[in-house]
Amino acid sequence: MGNRPVSGGILALALLCGASPGFGQDPLPSWRDGAAKAAIVGFVQRVTDPNGPDFVPERERVATFDNDGTLWCEQPVYTQAVFALDRARAMAAEDPALKERPAFAAILTNDLAAMAKFTETELGELVAATHSGMSPESFVGLSRSWLRTAEHPRFRRPYTDLVYQPQIELLTYLRASGFKTFIVTGGGVDFVRGFAQECYGIPPEQVVGSSTKTRFESSEDRGQLLKLPAINSVDDGPGKPMNIDLHIGRRPILAFGNSDGDLAMLEYTYAGKGPRLMLIVHHDDADREYAYDRKSRVGRLDKALDAASRRGWAVVSMKDDWAAIFPEKPTGR
């Protein structure tokens, strides 16, 4: 088949984020029948059929998923950005000198106009400042504590309730079919590792993301890493295939994204030999979630949407292809 797209234990963890305990004859009950669902099921059947021409050994069944906008809600602003803002306020309360920094001043005065104009450099510096000065383990604990109490401004539910039910089912289906599922996200790797196991059944070592630099510190009785206020790697755009190669060591045969930031990962997957499946979530359901694409400041889908049309990649309509968006059962805190 070359690189043309194909048409046509974990259980308990999935339950914590509302996944269905079983799917009977239908592995994807929250997916409506249509081209997208048929492409997924057909692809999985082909690559797992040992007697078929498209069989792929288990060791090569690598599936990569973006996180923000692909596995959970990313509007009206990235969840980790909200965490960084709250963290900045807490830090400024402890260290008044931080109020002199323009980014911190804008946050503390709730200057929305100034915050809307933050450059990528300023945002990077803000994330670096609010995510440093502690061990990765301490940071994960801090972010988990925040997620237990933080609520989405529209849905008034914990952010971890706003994972996509159809994607939980897909991840479970893929793993049951011998796939190894990875998150490849522009979000901070330590932030996502704090909830990926419980919400998606994806362990920390299978999360690839943006990172800050660290320093190793040792003493007579202990050695630990310290997160530094400097960006190490931005896992977005071209950074995604670079980090897939660095951290996974295999080219995916399935990649799922939702924005132009995922285009390089999709192209990298598409360029491989053998059967491939590239998918894009199109947010077109303003009633149940949000509708946005080409002009969105968050999760812009423009060039990748054009690429999908040219190359025959599967575009998943949230409105038409998903019978449910979020799990009905609350996850708790």
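Residues numbered from 1 in each chain as written. Predicted model: local features only at pLDDT ≥ 70, side-chain atom pairs only at ≥ 80, totals over all residues. Heavy atoms only, no water.

*Asks:* Explain the nonpolar core to me, and be specific about the residues and the numbers.
*Replies:* Core analysis: the largest hydrophobic core is formed by 56 residues, its most contacted members being W31, F65, L170, F191 and Y200. Per-element tally for this core: the top contributor is helix α2 (residues 35–48), with seven residues. Ranked by size, the runner-up nonpolar core spans 20 residues in total, among them F182, A255, L263 and Y270. (Core = buried A, V, L, I, M, F, W, Y, C linked by side-chain atoms within 4.5 Å. Buried < 20%, exposed > 50% of the residue type's maximum accessible area, 1.4 Å probe, protein only. Helix = DSSP H or I, 4+ residues; strand = E, 2+ residues; numbered from the N terminus.)

*Asks:* Kindly report on the sheet that holds strand β4 (residues 223–233), identifying the contributing residues and their values.
*Replies:* Pairing is mixed across the open sheet formed by seven strands, whose spatial order is β4-β3-β2-β1-β5-β6-β7. Looking along the sheet, the strands with just one partner apiece sit at the ends: β4 and β7 (314–317). When strand polarity is set aside, the average angle formed by the axes of neighbouring strands in this sheet is 35°. Relative to strand β2 (residues 180–188), strand β1 (residues 62–65) runs parallel, the two being bridged by four bridges. (Pairing = 2+ DSSP bridges. Axes fitted to C-alpha atoms, helices over the stretch in contact; angles between N-to-C directions.)

*Asks:* Account for the confidence of the model for the protein chain, with residues named and values stated.
*Replies:* Across the protein chain, pLDDT averages 90, with 91% of residues at or above 70. Here residues 1–23 scores under 50 on pLDDT; set against residues more than four positions off or in separate chains, the count is 62 contacts. (pLDDT = per-residue confidence, 0-100. Contact = heavy atoms within 4.5 Å.)

*Asks:* I'd like to hear about the environment of V82, residue by residue, with values.
*Replies:* Tracing the sequence through the fold places V82 in helix α3 (residues 79–94). As a C-alpha pair, V82 and H152 span 70 residues in sequence and 9.6 Å in three-dimensional space. If near-sequence neighbours (up to four positions away) are discounted, V82 is found in contact with V77, W146 and Y159.

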